[in-house]
Amino acid sequence: MDNLNNKFKEAYEKISYHVKEKLKGEKSGHDWLHVQRVIKNSLRIAEKEGGDREILRFASLLHDVEIGLEHEKGVDHATESAESARKILVRYGLPKKFIDKVVYAIRVHRYGKKIVPKTLEAKILQDADRLDSIGAIGIARAFAYAGSRGAPLYDFNEEVSEYDPFKVKSVVTHFHEKLLKVKDSLHTDAAKSIAEERHRFMVKFIERLMKEISGEA
Ligand code: FE
């Protein structure tokens, strides 16, 4: 058992270094800081909900590792990150069952895919990632993302429709298509309770933003 624990410890340290290097210069809000917050969110949710902490740590660590491929080639970063995670984890000789669970959680994590996961760890990863897209941090990331893609702050001629992760919209439209709906997509009670105040804060922010734009405030 100790041997296995050492294997996990060594793999986690080395993979952390790899992910941090790989995400250097990432401008779309899926950077190393995001990864660190998702790890923290996952473990925070797991304190109340249970779930295998080792699976959660590795799944959170690797969930966006191939985000760059999505920007470059338009492929789905969840599928690519899952493939990449398997290759990386196999190299460290970790148990196959463990790797399968990490890979599954990563593959289904994306909000836009609307997949309801079959495992607790995959549910927790989805929730942890989604929590990072709402509240003050969600607002900050939405504007950073828009900046990286050259999208405007708002565009009132733009249609608010079904969220499509491959379409870049103005920030205000993005709030209506995705961010204000995130709290209703969460699986665990722990995440739902964290989401409440984050959601309220976003609603307040948007109300104020609209008032300032229209000249009422
Ligand atoms: Fe993410």
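Everything below is about the structure printed above this text.
The structure displayed is predicted, hence computed values, not measured ones.

What counts as what
- Residues numbered from 1 in each chain as written.
- Predicted model: local features only at pLDDT ≥ 70, side-chain atom pairs only at ≥ 80, totals over all residues.
- Heavy atoms only, no water.
- Donors = N, O, S within 2.8 Å, 3.2 Å for Na, K, Ca; no water.
- Tetrahedral: all angles 85-135°; square planar, octahedral: opposite > 155°, others 65-115°.
- Buried < 20%, exposed > 50% of the residue type's maximum accessible area, 1.4 Å probe, protein only.
- Core = buried A, V, L, I, M, F, W, Y, C linked by side-chain atoms within 4.5 Å.
- Contact = heavy atoms within 4.5 Å.
- Phe/Tyr/Trp six-rings, centres within 6.5 Å; stacked < 30°, edge-to-face > 60°.
- Helix = DSSP H or I, 4+ residues; strand = E, 2+ residues; numbered from the N terminus.
- Lys NZ or Arg CZ within 6 Å of the ring centre and 35° of its normal.

Trainee: Sorry, what's going on with the coordination of the iron ion here?
Mentor: For a metal with four tetrahedral donors the ideal donor-metal-donor angle is 109.5 degrees, whereas six octahedral donors ideally subtend 90 or 180 degrees. In this structure, His34 (NE2), His63 (NE2), Asp64 (OD) and Asp129 (OD) serve as the protein donors to the iron ion, at separations of 2.1 to 2.3 Å. Bound by four donor atoms, the iron ion shows angles of 84 to 171° at the metal and therefore irregular coordination geometry. Take Asp64: its relative accessible area is 1%, and that puts it in the buried class. For Asp129, a relative accessible area of 15% corresponds to the buried category.

Trainee: Teacher, can you tell me more about the nonpolar core here?
Mentor: In this structure, Ile15, Phe58, Leu62 and Phe175 are the most contacted members of the largest nonpolar core, which totals 59 residues. Residue contacts for Leu62: discarding those within four places in its chain leaves Ile15, Val19, Ser81, Ala85, Ile88, Leu89 and Ile106.

Trainee: Can you help me understand the packing of aromatic side chains in this one?
Mentor: For any pair of aromatic rings, the description consists of the separation of the ring centres together with the inter-plane angle of the planes. Summed over all chains, the structure comprises eight aromatic pairs. Ring centres of Phe8 and Phe58 lie 5.9 Å apart, and the angle between their planes is 55°; this geometry places the pair in the tilted category. Of this pair, Phe8 sits in helix α1 (residues 2-22) while Phe58 sits in helix α3 (residues 53-62), and the two are 50 residues apart along the sequence. Ring geometry for Phe8 against Phe98: centres 4.7 Å apart, planes inclined by 70°, an arrangement best described as edge-to-face. One end of the pair, Phe8, is in helix α1; the other, Phe98, is in helix α6 (residues 96-107), with 90 residues separating them in the sequence. Every member of this aromatic cluster is reached through a ring pair, and the members are Phe8, Tyr12, Phe58 and Phe98. Sitting over the face of the ring of Tyr12, Arg57 holds its NZ or CZ atom 3.9 Å from the ring centroid.

The quantities given are spatial measurements derived from coordinates; they are silent on function.
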